[in-house]
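# Descriptive structure summary
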Amino acid sequence: MAKILIVDDEPRIRELIREHLQHAGYECDEATDGSSALAKLMVGGIDLVILDVMMPFMDGMTCLREMRSRKMTTPVIMLTARGEEYDKLAGLESGADDYVVKPFSPRELVARVKAVLARTMPKEPEDTEVYRFGALTIDVASHSVKVDGKETSLTPKEFDLLVFLAGNKGMALSREKILQKVWNYDYYGEDRTVDTHVKMLRSHLGSCRGYIVTVWGIGYKFDPDAAK
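Since the structure is predicted, the reported quantities are computational estimates derived from the model, not experimental observations.

Another point: the sheet that holds strand β7 (residues 136–139). One open sheet holds the four strands; their spatial order is β6-β7-β8-β9, and the pairing between them is antiparallel. Both outer strands of the open sheet, β6 (130–133) and β9 (150–152), are each paired with one neighbouring strand and no more. Across the sheet, the axes of successive neighbouring strands diverge by a mean angle of 20°, strand direction being ignored. Across four bridges, β6 lies against β7 in antiparallel orientation. Its bridge partner being in β7, Tyr131 is matched across the sheet by Ile138. This element, helix α6 (residues 156–167), spans β6, β7 and β8 (144–147) of the sheet and lies at about 110° to β7.

Another aspect to go through is the layout of surface pockets. The volume enclosed by the second largest pocket comes to roughly 220 Å³. Contributing to the lining of the second largest pocket are 14 residues, with Arg68, Ser153, Leu154, Thr155 and His204 lying nearest its centre. Elements that contribute at least two residues to the lining of the second largest pocket include exactly α6 and α8 (191–205). At three residues, the largest contribution of residues to the lining of the second largest pocket is made by α8.

With glycine set apart, most residues show a phi of negative sign, and most peptide bonds adopt trans. Residue Pro103 follows Lys102 across a cis peptide bond; omega there is -10°. The residue Pro103 is located in the loop between β5 (98–101) and α5 (106–120) in this model. For Phe57, which is not a glycine, the phi torsion comes out positive at approximately 70°. By secondary structure assignment, the location of Phe57 is in the loop between β3 (48–52) and α3 (60–69). On the basis of relative accessibility, which here comes to 79%, the residue Phe57 falls in the exposed class. For Lys71, which is not a glycine, the phi torsion comes out positive at approximately 65°. Among the secondary structure elements, Lys71 is positioned in the loop between α3 and β4 (76–80).

Quick look at the side chain of Glu158 now. Its location among the elements puts Glu158 in helix α6. Engagement of the side chain of Glu158 in a polar contact is seen with the side chain of His204, the distance being 3.4 Å. Look past the residues within four positions of Glu158 in its chain and what remains in contact with it is Met200, Leu201 and His204.

Looking at where Glu10 falls in the secondary structure, it is placed in the loop between β1 (3–7) and α1 (11–23). In the structure, Glu10 is positioned 42 residues away from Asp52 in sequence and 9.5 Å away in space, judged by C-alpha atoms.

Counting 29 residues, the largest nonpolar core has Leu136, Ile138, Leu162, Ile178, Leu205, Ile212 and Phe222 as its most contacted members. Contributions of two or more residues to this core are made by β6, β7, β8, α6, α7 (175–182), α8 and β12 (219–222). Beyond its immediate sequence surroundings of up to four residues, Leu205 is in contact with Leu136, Val147, Leu162 and Ile212. Listed in part, the 23 residues of the second largest apolar core include Val49, Met78, Ala90 and Leu92.

This paragraph deals with α3. If you check which residues of α3 are buried, you get Gly60, Met61, Cys63, Leu64, Met67 and Arg68. Across the axial projection of α3, the buried residues extend over an arc of 160°, all falling on one side. At the N-terminal end of α3, a side-chain oxygen is found 3.0 Å from the backbone nitrogen of Met61, two or three residues along, and the residue is Asp59. Phi turns positive, to about 65°, at Lys71, one or two residues after α3.

Okay, the packing of α6 against α7 next. Where α6 contacts α7, the two axes come as close as 10 Å, and the packing angle between them is 120°. One element, α6, and the other, α7, form an angle in the oblique class. The handedness of the crossing between α6 and α7 is right-handed. Residue-level contacts link Lys157, Asp160, Leu161, Phe164 and Leu165 of α6 to Lys177, Ile178, Lys181 and Val182 of α7. Of the residues that constitute the contact of α6 with α7, the class distribution is five nonpolar, no polar and four charged.

Conventions and cut-offs
Residues numbered from 1 in each chain as written. Predicted model: local features only at pLDDT ≥ 70, side-chain atom pairs only at ≥ 80, totals over all residues. Heavy atoms only, no water. Pairing = 2+ DSSP bridges. Helix = DSSP H or I, 4+ residues; strand = E, 2+ residues; numbered from the N terminus. Axes fitted to C-alpha atoms, helices over the stretch in contact; angles between N-to-C directions. Contact = heavy atoms within 4.5 Å. 1 Å grid on protein atoms, 1.4 Å probe; cavity = no way out; pocket = protein on both sides within 12 Å on 5 of 7 lines; lining within 4 Å. Points joined across faces, edges and corners; volume = space filled by probe spheres on them. Buried < 20%, exposed > 50% of the residue type's maximum accessible area, 1.4 Å probe, protein only. Polar contact = N/O pair within 3.5 Å; in protein donor to acceptor, adjacent residues only side chain to side chain. Core = buried A, V, L, I, M, F, W, Y, C linked by side-chain atoms within 4.5 Å. Arc of directions from axis to C-beta. Parallel < 35°, antiparallel > 145°, perpendicular 65-115°, else oblique. Left-handed = near helix turned anticlockwise from the far one by under 90°. Nonpolar A, V, L, I, M, F, W, Y, C, P; charged D, E, K, R; others polar.

Laid out in structure tokens, this is it:
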């Protein structure tokens with residue numbers, strides 16, 4: 001059973017989320033601000049964080065950045081009352097896996113929780129595929145990536161994106177296709193989500209950044225030969 005940490009300073013919001021998650025079969029814990037959330041995450045045992053942006057003491061964005069700076073890879077779904085594209089992109093660029101804008105449907109939030117956990121929970125042992133492309137090595141089982149022999153740190157979403165692209169080497173993949181396969185559901189009108197994650201992924205791949213090729217008018221493809 002996955003354990004989810006609900007971080008929000010509003011008791012009624014925490015209660016609403018907790019009731020729906022528990023009904024869906026999840027175990028829940030709660031925190032009222034980013035500082036207390038970090039303390040619980042340090043103890044371990046949390047599989048996913050639902051993190052409100054606007055909170056006292058330590059806001060959600062600061063908490064998220066602190067998590068990633070401490071190499072905490074626990075997936076995060078941001079809750080925000082803001083709908084502006086800048087705020088969404090800021091969260092994604094800071095390492096969030098998804099975001100939900102208030103007011104939200106609890107059923108939609110549960111669906112997004114299931115989708116994120118499906119991507120990030122440990123896979124079965126038989127998933128031992130290793131991809132090797134020039135200076136790039138991707139080990140699916142150990143969830144590790146090496147560039148020029150040195151391990152590089154990716155967020156769970158960046159790793160999923162890289163594996164999907166590499167697993168479809170040479171194929172031109174539309175943004176819509178990538179959203180459906182990597183995010184597990186449709187992001188209507190959110191093509192920028194893919195662009196943002198590709199940009200972040202390329203920044204981590206160093207000498208192999210050219211392996212991800214932009215296909216103008218379509219999306220992207222993984223083509224190691226294009227970098228030669």
